[in-house]
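# Architecture and fold: a report
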Amino acid sequence: MELKQIDQAYLANTYVKFPVEVVSGKGSEVWDETGRRYIDLTGGVGVTSFGVADDAWLQAVTAQLGRVQHMSNLYYTAPPALLARQLCTRTGMKRVFFSNSGGEANECAIKVARKYAAEKKGADCFTILTLQNGFHGRTITTLAATGQDHYHELFQPLTPGFVHVRAGDLDGARALARTHRLAAIMIECIQGEGGVVPLEREFVQGLAALAAQEDLLLIVDEVQTGNGRTGALYAYMNYGVRPDIVSTAKGLGGGLPLGATLLGEKVESTLGPGDHGSTFGGNPVCCAGALSVLERIDDALLADVRAKGDYLFRTFTGAPGVEAVTGMGLMVGVKPVKPAAEVVRACLEQGVLCLTAKDKVRLLPALNIPMELLEQAAAVILAACA
Ligand SMILES: *Cc1c(COP(=O)(O)O)cnc(C)c1O
């Protein structure tokens, strides 16, 4: 049997795959089994922050792998402690809980919000306000947080305690805060899976003010937008707000599974011994890789991410067959006149890998993609849109 047939016969049929078998890669280039090269603008869906098989990351990961690959959270190891300190010093958050994915990072955020609100305001105060068209994960609870009905239909009943409001509808959010006993407000600053849709600055600041006024926790889901993706270390930093809880994953581990829930002052003592846990969370190999990623996301790199994002915006705005360009930094959505999937297919045939998100062609390249490769890939996408 050919590999593609084995995959199709034995893996759960949950993904619609592109017809490419990737056998190796370096940075923003990958090769298939025939030796054909592709420029990768997907970054493994925003995960491989410094590209495939990045030297410094590989060095950090393999060094830790040869020392101790796992010890459990019952013993001290250096990488999770050093990573948590770095996350806290660079955000002003106070403590970190590590898990293995974005969905789990959000589960932790939701548990913290529920415990905080129950202790402070009463056990009936558990509802979390999230946004329509948002995306927070695939577990039964994070699906409930995800304000998109089509994800819900097959899996009822979902966890109760979530209400949704349209992005931009501040009056709607205020009304829900009057009619429900809310514990928290949870948002993505840029709705990624929802089509690379940035929230308005006034709306985010309005929600932060509402949260402060009503003693609701502000949770920002930075699973996709975090770790330098938007040209700031975390996207909320572009909005002039201070969340109480930040969840992140995707790009943090640079390619190994790692989720983090950052806890601010209000909730730094909410979790006590036994309240939450994860067997694999904070794995020293994943955390060593993440340290190597985070240490390199400095001001110079962030400026570079913004410059490359500006280049993509300039290139696609007003181009033939392009209706709109959205996003921030190297999280970019290009809305073609043609169906986005058709453009992505045409790009693949020309050796450029892109994603879709709703009606957009979504680009999440490695943060260090060389300008030359970005220009070559942009030319291919332009031709495919025209
Ligand atoms: C990808 C994503 C998630 C889910 O992350 P997993 O690692 O797949 O569980 C949650 N929130 C946002 C904003 C995401 O983009």
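Scroll up to find the structure this text is about.
Residues numbered from 1 in each chain as written. Predicted model: local features only at pLDDT ≥ 70, side-chain atom pairs only at ≥ 80, totals over all residues. Heavy atoms only, no water.

## A word on the environment of Asn283
You can see Asn283 is positioned in the loop between strand S12 (259-263) and helix H10 (284-296). In this structure, the C-alpha to C-alpha distance between Asn283 and Leu256, residues 27 residues apart in sequence, is 9.8 Å. Asn283 has contacts with Gln69 and His70, leaving out every residue within four places of it along the chain. A distance of 2.8 Å separates the side chain of Asn283 from the backbone oxygen of Gln69, its partner in a polar contact. (Helix = DSSP H or I, 4+ residues; strand = E, 2+ residues; numbered from the N terminus. Contact = heavy atoms within 4.5 Å. Polar contact = N/O pair within 3.5 Å; in protein donor to acceptor, adjacent residues only side chain to side chain.)

## Things to note about the site of the ligand
Residues in contact with the ligand, as listed here, are Ser101, Gly102, Gly103, Asn106, Phe135, His136, Gly137, Glu188, Asp221, Val223, Gln224 and Lys250. Within the backbone of Phe135, one N or O atom sits 3.3 Å away from a nitrogen atom of the ligand. Within the side chain of Asp221, a nitrogen or oxygen atom sits 2.8 Å from a nitrogen atom of the ligand. Here the ligand has 380 Å² of accessible area as a free molecule, and 80% of this is covered by the chains. Here the ligand occupies the largest pocket. Looking at the shell around the ligand, the element that brings in the most residues is helix H5 (residues 102-121), giving three residues. Residue classes in the shell around the ligand are distributed as two nonpolar, seven polar and three charged. (Near = heavy atom within 4 Å. Areas by Shrake-Rupley, 256 points an atom, 1.4 Å probe, with all protein chains shown as cover. 1 Å grid on protein atoms, 1.4 Å probe; cavity = no way out; pocket = protein on both sides within 12 Å on 5 of 7 lines; lining within 4 Å. Sits in = over half its atoms within 2 Å of the grid points. Nonpolar A, V, L, I, M, F, W, Y, C, P; charged D, E, K, R; others polar.)

## Examining the layout of surface pockets
Considered as a void within the structure, the largest pocket measures approximately 1,900 Å³ in volume. Together, 46 residues line the largest pocket, and Tyr15, Val45, Glu193, Leu355 and Arg362 are the ones closest to its centre. For the lining of the largest pocket, the secondary-structure elements that each account for two or more residues are helix H2 (43-46), H5, helix H12 (340-349) and strand S16 (355-357). For the lining of the largest pocket, a count of residues per class yields 23 nonpolar, 13 polar and 10 charged. Structurally, the lining of the largest pocket is a two-domain feature, drawing no fewer than three residues from each of domain 1 (3-54 + 299-385) and domain 2 (68-296). (Points joined across faces, edges and corners; volume = space filled by probe spheres on them. Domains from an automatic or database assignment.)

## Points about the packing of helix H4 (residues 78-91) against H10
Across the interface, H4 lies against H10 with an axial gap of 8 Å and an inter-helix angle of 35°. When the axes of H4 and H10 are compared, the crossing they make is left-handed. For the pair formed by H4 and H10, the contact residues are Pro79, Pro80, Leu82, Leu83, Gln86, Leu87 and Arg90 on the first element and Pro284, Cys287, Ala288, Ala290, Leu291, Leu294 and Glu295 on the second. (Axes fitted to C-alpha atoms, helices over the stretch in contact; angles between N-to-C directions. Left-handed = near helix turned anticlockwise from the far one by under 90°.)

## Some points on the sheet that holds S16
Paired through backbone hydrogen bonds, the strands of a sheet run either parallel or antiparallel to each other. In space, the four strands of this open sheet follow the order S13-S14-S17-S16, with antiparallel pairing throughout. Each having just a single partner strand, strand S13 (322-328) and S16 make up the two edges of the open sheet. Direction aside, the axes of adjacent strands within the sheet are offset by 30° on average. The pairing of strand S14 (residues 331-336) with strand S17 (residues 360-363) spans three bridges and is classified as antiparallel. For Val334, the partnering residue across the bridge sits in S17 and is Val361. (Pairing = 2+ DSSP bridges.)

## Structural notes on the packing of aromatic side chains
Aromatic ring pairs are defined here through the distance separating the ring centres and the angle between the ring planes. Applying the stated criterion across every chain, the model contains one aromatic pair. The interplanar angle of 55° and the centroid separation of 5.4 Å between the aromatic rings of Phe135 and Tyr151 together place this pair among those described as tilted. You can see Phe135 sitting in the loop between strand S5 (127-131) and helix H6 (140-145) and its partner Tyr151 sitting in helix H7 (residues 149-152), a full 16 residues away along the chain. Across the pair, Tyr151 and Phe135 agree in class, each one buried. (Phe/Tyr/Trp six-rings, centres within 6.5 Å; stacked < 30°, edge-to-face > 60°. Buried < 20%, exposed > 50% of the residue type's maximum accessible area, 1.4 Å probe, protein only.)

## Thoughts on the nonpolar core
Residues Leu41 and Leu87 are the most contacted members of the largest nonpolar core, which totals 82 residues. There are two domains that each give this core at least three residues, and those are domain 1 (3-54 + 299-385) and domain 2 (68-296). Apart from the residues lying within four places of it in its own chain, the contact partners of Leu87 are Val96, Phe98, Tyr234, Leu252, Ala260, Leu262 and Leu294. In terms of nonpolar packing, the next biggest core, distinct from the first, is built from 22 residues, Cys108, Val112, Ala113 and Ala184 among them. (Core = buried A, V, L, I, M, F, W, Y, C linked by side-chain atoms within 4.5 Å.)

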